Amino acid sequence: MRAVVQDRYGPPEVLHIEEVPKPVPGQGEVLIRVHASTVSQTDAHVRRANLFWRLFLGWRRPRHRTLGIDLAGIVEAVGPEVNEFKVGDEVFGMVGWRSGAHAEYVVLPEGGSITRKPATLTFEEAGSICDGAMQALATLRKGHTGAGSRVVIYGASGSLGTAAVQIAKHLGAHVTGVTSTKNMELVRSLGADDVIDYTREALHERGPVYDVIIDAVGKYAFFWGRHALKPGGRYVETDFGPHKLDTVAWWLLSRWIGGKHLAFGAGVRSKRDVELMRDLVESGAYRPVVDRVFPMDQVVEAHRHVEGWHKVGNVVLTI
């Protein structure tokens, strides 16, 4: 089968397509023919791998050669004792930590982070959901977001941001999205009650009126955001971004002084949460946002587009 692989860390050009062995499902596993995946900021981080990432991924070279977290495809074969899925089922979800979805086939446990694809979605739409949505769920939970919460999504037009706006509205929160001028209407269409154009207005100038601020892009900072939080409010960070040292210092300080808290949110791979996203799609409470679709042969171009930080929603790779 064909797969996108890398043998060293570096720029998008380290990626290439190679013939690799096709996996075989074992007991309790399913073989999925992948039709679509995403190229995410997580993929870009892993591909170039700074010192922090290399502690987990392999110091000199990647332990696992193929990237890709999200997937949508069709079950092609099942191993013994598989009961939930059958050959021909259309599914979507996330791969395990050692599997990469930028390949024609993946093998996953039946109990892994996969479920049946909503019939109303294309493979490209379904394959764009999970990475951003899992991160959005994690940050909203860290922020204790619920009915009546006043929550800000800073970077509301990205993968995490477009998911967080919709899920926060489903939870009953009052949502303020922060984005650029050109993406304001998109964020409103996702359900945001209020939208701030960060090129014209600074969030912190509104004063302490919010319960939760989620920095969905790692470009804002607790130093500024704390001025917009109510006493006892929570600022949830997703990436160290350009303010690494300040962020760590404020995280330590906010644990003991000030009454406003800095926390970190990172998505987990959960079958229950994938099923939740399926239910939200089927109820009309959630729609995936796809920026551009690239064929697998253009994976280098897809990574360049993601690294430009101008994508809206998700960049999809068709396999």
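Here, the structure is the one placed above.
All residue numbers refer to positions counted from 1 along the written sequence of the respective chain. In view of the model being predicted, local features appear only for residues whose pLDDT reaches at least 70, and side-chain atom pairs are presented and counted only at 80 or more, with totals across whole chains, interfaces and linings using the full set of residues. Side-chain measures here rest on the full set of heavy atoms in the structure, leaving out hydrogens and waters.

A. Seen up close, the overall build of the protein. Runs of E in the DSSP output that reach at least two residues are strands. Runs of H or I that reach at least four are helices, and both are numbered from the N terminus. Summing up its helical and strand segments, the protein has 10 helices and 15 strands in all. Each radius of gyration reported is based on C-alpha atoms, and the globular scaling rule is 2.2 Å times the count of residues to the power 0.38. Relative to a compact globule of 319 residues, whose C-alpha radius of gyration would be 20 Å, the protein shows 20 Å and is just as compact. When its C-alpha atoms are laid out on the principal axes, the protein stretches across 55 × 45 × 35 Å. Burial analysis of the protein (319 residues in total) assigns 55% to the buried set. The contact criterion used is simple: two residues touch if any of their non-hydrogen atoms lie within 4.5 Å. A sequence separation of at least 24 residues applies to 68% of the contacts in the protein between residues at least 6 apart. Per element, the accessible surface of the protein, about 14100 Å² overall, is 54% carbon and sulfur. Here the term buried applies to any residue with accessible area under 20% of the maximum for its type, exposed to any over 50%, and partly exposed to those in between, with areas from a 1.4 Å probe on protein chains only. The Shrake-Rupley method, run with a 1.4 Å probe sphere, supplies the accessible areas, and residue values consider only the shown protein chains as cover.

B. Structural detail: the packing of helix α4 (residues 130-142) against helix α9 (residues 271-283). Here an axis means a line fitted to C-alpha atoms, over the contact stretch when the element is a helix, while the angle between two N-to-C directions is reported on a 0 to 180 degree scale. The interhelical angle for the contact between α4 and α9, taken along N-to-C directions, is 105°, at an axis separation of 10 Å. In terms of their interaxial angle, α4 and α9 are classed as roughly perpendicular. Between α4 and α9, the contacting residues are Cys130, Ala133, Met134, Leu137 and Arg141 on the first element and Asp273, Val274, Leu276 and Met277 on the second. Grouping the amino acids of the contact of α4 with α9 by side-chain chemistry returns 7 nonpolar, no polar and 2 charged. The labels follow the angle: roughly parallel below 35 degrees, roughly antiparallel above 145, roughly perpendicular from 65 to 115, and oblique for the rest. Note on residue categories: nonpolar means Ala, Val, Leu, Ile, Met, Phe, Trp, Tyr, Cys or Pro, charged means Asp, Glu, Lys or Arg, and polar means any other residue, Gly included.

C. Structural context of the nonpolar core. Ranked by internal contacts, the top residues of the largest apolar core, which has 44 residues, are Ile129, Val151, Ile153 and Met277. In this structure, Ile32, Leu67, Met296 and Val315 belong to the second largest nonpolar core, which totals 31 residues. Among buried residues, the Ala, Val, Leu, Ile, Met, Phe, Trp, Tyr and Cys ones that are joined through side-chain atoms within 4.5 Å form a nonpolar core.

D. The packing of aromatic side chains, seen in detail. To pair, rings of Phe, Tyr and Trp, with the six-membered ring standing in for Trp, must have centres within 6.5 Å; the planes then decide the type, stacked if under 30 degrees apart, edge-to-face if over 60, and tilted in the middle. Using the criterion set out here, one finds 0 aromatic pairs in the structure. For a ring to carry a charge above it, either NZ of a lysine or CZ of an arginine must fall within 6 Å of the ring centroid while also lying within 35 degrees of the normal to the ring plane. Here the basic side chain of Lys22 rests over the ring of Tyr105, its NZ or CZ set 4.2 Å away from the ring centre. Just above the ring of Tyr105 sits the side chain of Arg33; from NZ or CZ to the centre is 5.6 Å.

E. Examining helix α10 (residues 299-307) more closely. Looking only at α10, the buried set comprises Val299, Val300, Ala302, His303 and Val306. Considered in projection along α10, the buried side chains sweep an arc of 160° and stay on one side of the axis. Positive phi appears at Trp309, one or two residues downstream of α10, with a value of about 60°. Regarding the arc, it is the one traced by the directions from the helix axis to the C-beta atoms.

F. Just the sheet that holds strand β10 (residues 194-197), in detail. Any two strands are treated as partners once DSSP identifies two or more bridges connecting them. With parallel pairing, the 6 strands of this open sheet are ordered in space as β10-β9-β8-β11-β12-β13. Since the sheet does not close on itself, it has two edges, and those belong to β10 and β13 (261-264), each with one partner. When the angles between neighbouring strand axes are averaged without regard to direction, this sheet yields 20°. Bridge count for strand β12 (residues 229-237) against β13 is 4 bridges, and the pairing is parallel. Among the inter-strand pairings, Val236 is bridged to a residue of β13, identified as Ala263. Most of the contacts of α4 go to β12, to which it runs at about 155°, and overall it touches β8 (150-154), β11 (210-215), β12 and β13. Across the face of the sheet, helix α5 (residues 159-170) comes into contact with β8, β9 (174-179) and β11 while running at roughly 165° to β8.

G. Quick peek at a nonpolar patch on the surface. Like-charged residues are merged into a patch within 9 Å and nonpolar side chains (Val, Leu, Ile, Met, Phe, Trp, Tyr) within 5 Å, provided each residue has over 30% relative accessible area and no salt bridge. The working definition used for a salt bridge is a side-chain nitrogen of Lys or Arg within 4 Å of a carboxyl oxygen of Asp or Glu. A surface patch of nonpolar side chains, amounting to about 620 Å² of accessible area, comprises Leu51, Phe52, Leu55, Phe56 and Trp59. Checked against the element boundaries, Leu51 lands in helix α2 (residues 51-57). Relative accessible area serves as the criterion here: at 59%, Leu51 is assigned to the exposed category.

H. Here's a closer look at the pattern of salt bridges. Going through the model one piece at a time under the given rule, you end up with 19 salt bridges. Here Lys22 ties to Glu76 by a salt bridge, and the two come within 3.1 Å at their closest N and O atoms. Here Lys22, found in the loop between β2 (16-19) and β3 (29-39), pairs with Glu76, found in strand β4 (residues 70-78); they are 54 residues apart in sequence, far enough to count as distant. You can call Lys22 partly exposed: its relative accessible area is 40%.

I. The side chain of Asp43, seen in detail. Considering the arrangement of structural elements, one finds Asp43 in helix α1 (residues 41-48). No salt bridge is formed by the buried Asp43, whose closest oppositely charged neighbour, Arg269, lies at an N-O distance of 7.4 Å. Other than its neighbours up to four places away in sequence, Asp43 contacts Thr38, Leu67, Gly68, Ile69, His102 and His303. The charge count includes Lys and Arg as positive and Asp and Glu as negative, but it does not include His or the ends of the chains.

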